[in-house]
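# Structural features, examined
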Amino acid sequence: MKDQKKAVLLALGAVACWSTVATAFKLSLDYFSPAQLLWVATLTSVTLLLGILATQGRLSQLLPILRQRPGFFLLAGLMNPTLYYLILFQAYDRLPAQQAQTLNYTWAITLTLLAVPFLGQTIRRQDWIAITLGYAGAMVIATRGDLLSLQFDDPIGVALALFSTFIWAGYWILNTRNQADPLISLTLSFMLALPMITLATAVLSDFHLIHWQGWLGAIYVGVFEMGIAFMLWLMAMRYAENTARISNLIFISPFVSLIFLRFLVGEQIYPATLVGLVMIVIALLIQQIKESTP
């Protein structure tokens, strides 16, 4: 049954979760390495997702669906959470969170570019405008407004943040060919990713996880970023009478996130970050403009 009011409340709950995770990433990385943070967060998320499926009486569905397409779920798990979050957390470890978060927000623009070769889609005139404006906004953020100098505080961090958008966009392109239940799919992907992330942690870091602050942050990320936010958003989409109105609520998230970063992390918010973020949000809104039909 459609219920737009309930859909809005659920979507706002998801937005509230996403608004806090940049702060959680940055605070947690003071105590855990990127690989350690991802390992604990993924372990937490898998536990939560399995608990939800157990409550719904659907655990028995996991193995039959996995047997149908094991390669697909293995590749999905390699992309998300393994590669995506390893790269994104490295970017957060090197950059101010406001920069890493906002650069990562260009993933929807990256998706437009990748949809051409992989999905056979065409780029419309407004998409080109959005791409140009969005990446110009990213450059404003990366250079702190000094576009002419093209001087980056940490070019590797900037590259990692932008590269993560290709992994994330690629993950969603991959999922366009997935007809399985979203919760089952996410659970299988994360379960298959856990051994890969365990190996990555052993190679890139260690399991010397002694700081309770790191555990608290990583568990928070696993519960809210990788679990509850997804469930709330999925439920919002199912209840929504108008999905466009719900989707637009996501633009609240990066601005609220900057407030948390300012007061909880203590980051000074650069004017260039706000300018670049506005440019990116406008670009994303332009992408949503439908072509008029004759």
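Each chain has its residues counted from 1, following the order in which its sequence is written. In view of the model being predicted, local features appear only for residues whose pLDDT reaches at least 70, and side-chain atom pairs are presented and counted only at 80 or more, with totals across whole chains, interfaces and linings using the full set of residues. With hydrogens and water stripped out, all remaining heavy atoms of the structure feed into the side-chain values.

## Quick word on the overall build of the protein
In this text, helices come from DSSP runs of H or I with a minimum length of four residues, and strands from runs of E with a minimum of two, each type numbered from the N-terminal end. Helix and strand counts for the protein come out as 13 helices and zero strands. In the protein, the order of α-helices and β-strands from amino to carboxyl end is α-α-α-α-α-α-α-α-α-α-α-α-α. Its C-alpha atoms give the protein a radius of gyration of 19 Å, within 12% of the compact-globule value 19 Å for 294 residues. If one aligns the C-alpha atoms of the protein with their principal axes, the spans along those axes are about 55 × 55 × 35 Å. Here the protein holds 294 residues, and the buried ones make up 50% of them. Restricting the calculation to C-alpha atoms gives the radius of gyration, and the globule rule supplies 2.2 Å times the number of residues raised to the power 0.38. Type-normalised accessible area, obtained with a 1.4 Å probe on protein chains alone, sets the label of each residue: buried when under 20%, exposed when over 50%, and partly exposed for intermediate values.

## Section: the packing of aromatic side chains
Between the rings of Phe, Tyr and Trp (Trp by its six-membered ring), a pair exists once the centres lie within 6.5 Å; its type follows the angle of the planes, with under 30 degrees stacked, over 60 edge-to-face, and the other angles tilted. Using the criterion set out here, one finds 14 aromatic pairs in the structure. With 5.6 Å between their ring centres and 20° between their planes, W168 and Y171 make a pair best called stacked. Highlighted residues: W168 and Y171, both in helix α8 (residues 155–175), separated by three residues, approximately one helical turn. Grouping residues by exposure puts W168 and Y171 together as buried. One aromatic cluster is present, formed by F25, Y84, Y85, F89, Y92, W107, W168, Y171 and W172 through successive ring pairs. Just above the ring of F72 sits the side chain of R69; from NZ or CZ to the centre is 4.2 Å. To sit over a ring, a charge needs its Lys NZ or Arg CZ within 6 Å of the ring centre and within 35 degrees of the ring normal.

## Observations concerning the nonpolar core
The criterion is simple. A nonpolar core is a set of buried Ala, Val, Leu, Ile, Met, Phe, Trp, Tyr and Cys residues joined through side-chain atoms within 4.5 Å. Judged by nonpolar contacts, the single largest core of 69 residues is most densely connected at F25, Y85 and Y92. It is helix α4 (residues 70–94) that provides the largest number of residues to this core, a total of 12 residues. With residues near it in sequence (within four places) discarded, Y92 still touches A22, F25, K26, L29, A97, A100 and Q101. Counting 13 residues, the second largest nonpolar core, distinct from the first, contains A7, L10, L232 and A236. Contact criterion: two residues are considered in contact whenever any of their non-hydrogen atoms come within 4.5 Å of each other.

## Quick word on helix α13 (residues 271–287)
To estimate how far a helix should reach, multiply one less than its number of residues by 1.5 Å. Here α13 is 17 residues long and its end C-alpha atoms lie 25 Å apart, about the 24 Å a rise of 1.5 Å per residue gives. Taken as a whole, α13 has its buried residues at A272, T273, G276, L277, M279, I280, V281, A283, L284, I286 and Q287. Those residues of α13 hidden inside the fold are in contact with α5 (97–104), α6 (107–119), α7 (125–142) and α12 (252–265).

## Some thoughts on the packing of α4 against helix α9 (residues 182–204)
Closest axis-to-axis distance for the α4/α9 pair is 7 Å, and the angle between their directions is 60°. It follows from the interaxial angle that α4 and α9 lie oblique. Of the two elements, α4 crosses α9, and the hand of that crossing is right-handed. For the pair formed by α4 and α9, the contact residues are P70, F73, L74, A76, G77, L78, N80, P81, T82 and L86 on the first element and S185, L188, S189, F190, L192, A193, M196, I197 and A200 on the second. The residue inventory of the contact of α4 with α9, partitioned by class, reads 14 nonpolar, five polar and no charged. Fitted lines through C-alpha atoms serve as axes, helices being fitted only where they are in contact, and the angles separating the N-to-C directions of these axes extend from 0 to 180 degrees. Our angle categories are set so that under 35 degrees counts as roughly parallel, over 145 as roughly antiparallel, 65 to 115 as roughly perpendicular, and the remainder as oblique. The crossing is said to be left-handed when, going from far helix to near helix, the turn is anticlockwise and less than a right angle, and right-handed when the turn is clockwise. As a working rule, the residues Ala, Val, Leu, Ile, Met, Phe, Trp, Tyr, Cys and Pro are called nonpolar, Asp, Glu, Lys and Arg charged, and the rest polar, with Gly in that last group.

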